[in-house]
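Inside the fold
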Amino acid sequence: MVGLRLRRPGRQPDLVARLSAQELDPLIHVPARLRIVATLAALPEGDAVSFPRLQDMIGLTPGNLITHLRKLEEAGYIDTEKTGNGSASRTSVALTRAGRSAFEMYTEALRGLLGGL
Amino acid sequence: MPTHNHTHEAVPDNGGGELDPRDAAALLDQTTRRAERQLDLHPPVLMLVAALVVLIAYGAIWLSVRNQHPYTGPTLGALGVLYATLAAFGVLVAVVTRRAISGVSGRSSQRRRGEAIAFAVAWTSVYVFQGALHHAGASHAIAYGIYPAAAPLIIVGSAAAAYEAAKENWEWSGFACAARAASRIWLHG
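1. Focus: the overall build of chain A
In terms of helices and strands, chain A carries 5 helices and 3 strands. The order of helices and strands in chain A, counted from the N terminus, is α-α-β-α-α-β-β-α. Looking at the 117 residues of chain A, the share that counts as buried comes to 50%. Across chain A, the fraction of contacts at a sequence separation of at least 24, relative to all contacts at a separation of at least 6, is 60%. Only carbon and sulfur atoms are counted for the fraction: they give 48% of the accessible area of chain A, which is about 5500 Å².

2. Describing the pairing of strand β1 (residues 47–50) of chain A
With burial as the criterion, each face of β1 of chain A is covered, one bearing D47 and V49 of chain A and the other bearing A48 and S50 of chain A. Bridge count for β1 of chain A against strand β1 (residues 104–106) of chain B is 3 bridges, and the pairing is antiparallel. When the sheet's bridge partners are listed, D47 of chain A is paired in β1 of chain B with G106 of chain B.

3. Focus: the nonpolar core
Ranked by size, the top nonpolar core spans 39 residues in total, and within it L34, I36, L40, L54, L69, Y106 and L110 of chain A carry the most contacts. Those elements that provide at least two residues to this core are α2 (31–41), α3 (51–58), α4 (62–74), β3 (90–95) and α5 (97–115) of chain A together with α1 (21–39) of chain B. Not counting residues within four places of it along the chain, the set of residues in contact with L54 of chain A comprises T39, L40, V49, L65, L69 and V93 of chain A. Core analysis: the second largest hydrophobic core is formed by 17 residues, V54, Y58, A149 and W172 of chain B among them.

4. What to know about the packing of α2 of chain A against α5 of chain A
Residue and element names in this part refer to chain A. One can describe the packing of α2 onto α5 by two numbers: an axis separation of 10 Å at closest approach and a directional angle of 115 degrees. Comparing the axis directions of α2 and α5 gives the class roughly perpendicular. Read as a crossing pair, α2 and α5 show a hand that is left-handed. Across the interface between the two elements, L34, V37, A38, L40 and A41 from α2 touch R100, F103 and Y106 from α5.

Parameters at a glance
- Think of each chain on its own: its residues are numbered from 1, step by step along the sequence as written.
- Chains and ligands are labelled sequentially in the order written, the chains with letters from A and the ligands with numbers from 1.
- Local features in this predicted model are restricted to residues of pLDDT 70 or higher, and side-chain atom pairs are both shown and tallied only at a pLDDT of 80 or more, whereas totals for entire chains, interfaces and linings draw on every residue.
- The basis for every side-chain value is the complete set of non-hydrogen atoms in the structure, without hydrogens or water.
- Going along the chain from the N terminus, every DSSP run of H or I of four or more residues is numbered as a helix, and every run of E of two or more is numbered as a strand.
- Burial classification: accessible surface area is computed with a 1.4 Å probe over protein chains only, and a residue below 20% of its type maximum counts as buried, one above 50% as exposed, and the rest as partly exposed.
- Whether two residues are in contact is decided by their heavy atoms: any pair within 4.5 Å suffices.
- Accessible areas in this description were obtained via Shrake-Rupley with a 1.4 Å probe; residue shielding takes into account the shown protein chains only.
- Paired strands, in this sense, are two strands between which DSSP finds at least two bridges.
- Definition of nonpolar core: a set of buried residues of the types Ala, Val, Leu, Ile, Met, Phe, Trp, Tyr and Cys, connected through side-chain atoms within 4.5 Å.
- Only C-alpha atoms enter the line fits that serve as axes; for helices the fit covers just the stretch in contact. Angles between N-to-C directions range over 0 to 180 degrees.
- The cut-offs work like this: below 35 degrees is roughly parallel, past 145 is roughly antiparallel, 65 to 115 is roughly perpendicular, and the gaps in between are oblique.
- A clockwise turn of the near helix away from the far one marks a right-handed crossing, whereas an anticlockwise turn of less than a right angle marks a left-handed crossing.

Given below as structure tokens:
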């Protein structure tokens, strides 16, 4: 999301941290998952990205990425689809409508939070 | 989900510690820009290269026909430069596209296949019209000189301009229109 900028950086850091816990989706408000969701949201709606490409774009280890993807999948924010068998298997990951909507709400909440300080 | 051997790596539940909203905004901005750049099919540098291609290819054609009396059309060498630069640009576009769409599947990849077919038809029509010109009795200088030099930019440029305009990609649409206009001016000049 381009354009998220602080109006008055450096003010009331404790208040910001407290508000964040209440207003921002805790499933997304984590560095690794925020990067995953933001990257998936950059894809056109209806598109999926393969696991290796996503890993390459985000720069997480496979284990870290799997762990975070599971959490997002359990919340219904992403869909994973596995095709093929054995070494030819391929997993693709896509943001669900609920995931996209949660991401939009997250960015709105973040914008409101930072704009209001 | 892939069953890698690294699945048991310890990952903190918060995935990287407490995240200040300011840091979140910065991370979000950075990640989005990076993802958009990696997925971009039309990076700005490609437009710069396209402009150079038009300049070099049509510069060569212009130099070859300058002061021709009587007009005999572009030289084979100039046509060679034109098609070599177009081919090189085609390869560059293919590399950029391949890198951008690597690992991406879904609706947009189906749409891209349709676009590729449409552009293949546009290119084919260039040579269908050339055959029609030949059969209609056009001179060699026209059918095999000026036409193959100008038609790719006019016909394929029009298709590209319409396609980019439909996507509201005005920079590329404007560029395609400008290239097409330059080609038409050169053709009538």
